[in-house]
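Observations on chain architecture
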Amino acid sequence: MVRLKFETLRWTRGRLRLIDQRKLPQQFVYLDCDDHKKVAYAIKNLVVRGAPAIGVAAGYGMALAAREYRDLKRESFFKKMKTASETLASTRPTAVNLFWALNRQDKLMEGNLDKTPSEIFKLLLKEALQIHEEDRQMCQAIGEHGSKLVPQKATILTHCNAGALATGGIGTALGVIYTAVSKGKKIKVFADETRPVLQGARLTAWELRKQGIDTTLICDNMAGSLLAAGEIALVIVGADRIAKNLDFANKIGTYPLAVLAKEHKAPFYVAAPSSTFDKSIPNGSKIVIEQREESEVLQSGKGKINIRGLKVYNPAFDVTPASLVSAVITEKGIIRGKRK
Ligand code: MRU
């Protein structure tokens with residue numbers, strides 16, 4: 001059994017309480033959301049991030065919207081709820097879990113058009129709590145299945161943060177690591193810092209150490225030499241969207257890692273719940289990649305790079321083809337990848 005030392009999202013006293021991940025690891029503070037616009041702000045600005053956690057937050061966002069509008073007449077209520085769903089959907093384009101959770105809430109409303117706004121608020125809150133609980137259970141199951149792929153003594157490389165901070169439970173990629181450790185396996189983890197937002201250095205390093213895991217931080221450009229030296233037993237990452245053919249989007253820098261893992265014959269695993277699968281797209285070319293602000297890349301070292309006329313390219317995600325994936329670990333079991 002894995003015991004977490006912190007809670008990323010929590011419905012408490014009629015609010016959604018989020019760990020403000022922009023501030024970690026320097027400060028551990030919460031942001032409380034008591035309306036849907038604040039939830040949208042939190043998703044857009046990376047207070048809460050990671051595909052499953054974004055989905056869980058959006059589910060609560062819809063419940064908050066229903067509470068805000070529950071005194072309206074039915075027709076105006078449904079109009080406002082449609083706008084609220086669009087506001088939440090417009091926050092980030094890549095993680096499909098966001099749209100999956102909103103779709104669940106939208107469908108629930110569509111099936112209950114005869115109910116009063118107050119009754120709909122109660123239904124949406126119940127559903128949000130259910131989405132959260134399901135995510136917890138999916139992480140648990142991913143951990144169980146994935147831990148079977150981890151050798152007794154292993155040094156594991158991970159990228160970005162696919163841990164408890166990115167989900168409603170113990171995490172996906174890191175959930176596999178926590179579960180393997182809880183079963184007595186001796187694990188060391190190398191965490192890529194994950195430029196430009198440093199989810200690896202700020203979040204993965206923080207949560208792994210908090211959970212007592214042997215962790216070494218590296219800059220992204222150090223992964224190749226570790227793999228070449230045979231120091232890495234396996235690479236494991238999360239996903240933001242998995243297409244029908246198993247191509248998947250994840251944090252920028254995942255694709256080169258998968259190429260390196262193949263070159264150096266280290267297994268490359270993806271851990272994700274079914275809410276991350278997008279069966280409507282045949283392959284990764286259809287995944288919308290979020291482009292983020294220049295300032296994220298320009299913020300470097302001690303100051304800000306300020307060079308006249310300099311352009312910046314800042315995609316938040318890349319797509320890794322299924323041909324580079326050894327296996328996808330889901331709550332239902334392990335899907336063999338297409339890597340030869
Ligand atoms: O931009 P972020 O921090 O939301 O990106 C997160 C990732 O890319 C994660 O690896 C992914 O969402 C999987 S989280 C279990």
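What you see as residue numbers is a count from 1 along each chain, following the sequence as written. The predicted nature of this model means local features are confined to residues of pLDDT at least 70 and side-chain atom pairs, given and counted, to a pLDDT of 80 or more, with totals for whole chains, interfaces and linings taken over all residues. To obtain the side-chain values, all non-hydrogen atoms of the structure were used and water was disregarded.

1. A short note on the overall build of the chain
The following threshold applies: Runs of H or I in DSSP of at least four residues are treated as helices and runs of E of at least two as strands, each being numbered from the N terminus. The buried label applies to any residue whose accessible area, calculated with a 1.4 Å probe on protein chains only, is under 20% of its type's maximum; exposed applies above 50%, and partly exposed to all values in between. Accessibility throughout is a Shrake-Rupley quantity obtained with a 1.4 Å probe, and a residue counts as covered only by protein chains that appear here.
In terms of helices and strands, the chain carries 10 helices and 16 strands. Seen through its principal axes, the chain has C-alpha atoms that stretch 65 × 50 × 40 Å. Out of the 340 residues belonging to the chain, those deemed buried represent 54%. Counting only carbon and sulfur atoms, one obtains 51% of the accessible surface of the chain, whose full area is about 15500 Å².

2. Let's talk about the domain arrangement of the chain
Definition in use: The start and end points of each domain follow an automatic or database-based domain assignment. Throughout, a contact is declared for two residues whenever any of their heavy atoms are within 4.5 Å. Defined in terms of a 1.4 Å probe, buried area is the accessible area two parts forfeit on being brought together, summed over both. When a carboxyl oxygen of Asp or Glu is within 4 Å of a side-chain nitrogen of Lys or Arg, the pair counts as a salt bridge.
Looking at the chain, the domain boundaries give domain 1 (9-140) and domain 2 (144-336). Computed from C-alpha atoms alone, the centre-to-centre distance between domain 1 and domain 2 is 26 Å. Taken together, the 28 residues of domain 1 in the interface contact 34 residues of domain 2. The junction of domain 1 with domain 2 conceals about 2500 Å² of combined surface from both sides, 57% of it contributed by carbon and sulfur atoms. Connecting domain 1 to domain 2 are one salt bridge.

3. Some words on the sheet that holds strand β10 (residues 268-271)
Put simply, the test is: By definition, two strands form a pair when at least two bridges between them are found by DSSP. Between the N-to-C directions of two axes lies an angle of 0 to 180 degrees, each axis being a line fitted to C-alpha atoms and, for a helix, fitted only over the stretch in contact.
Read across the open sheet, the seven strands follow the order β6-β5-β4-β7-β10-β15-β16; overall the sheet is mixed. The open sheet has two edge strands with one neighbour each: β6 (214-218) and β16 (333-336). Recorded for the sheet is a direction-independent mean angle of 25 degrees between the axes of neighbouring strands. As paired elements, strand β5 (residues 186-192) and β6 share five bridges and run parallel to each other. Counterpart to lysine 188 in the pairing with β6 is aspartate 214. Strands in contact with helix α5 (residues 117-147) are β10, β15 (327-330) and β16; relative to β15, the strand with the most contacts, it is inclined by about 140 degrees. Against the sheet, helix α9 (residues 254-263) makes contact with β4 (153-158), β5, β7 (234-237) and β10, and its axis sits at roughly 140 degrees relative to β10, the strand it touches most.

4. As for the pattern of salt bridges
The full count for this structure, using the stated rule, is 15 salt bridges. For arginine 17, the salt bridge goes to aspartate 32, with nearest N and O atoms at 2.9 Å. Of the two residues, arginine 17 is situated in strand β2 (residues 15-19) and aspartate 32 in strand β3 (residues 30-33); the sequence distance between them amounts to 15 residues. Taken together, the shared-partner salt bridges connect Arg15, Arg17, Asp32 and Asp34 into one network.

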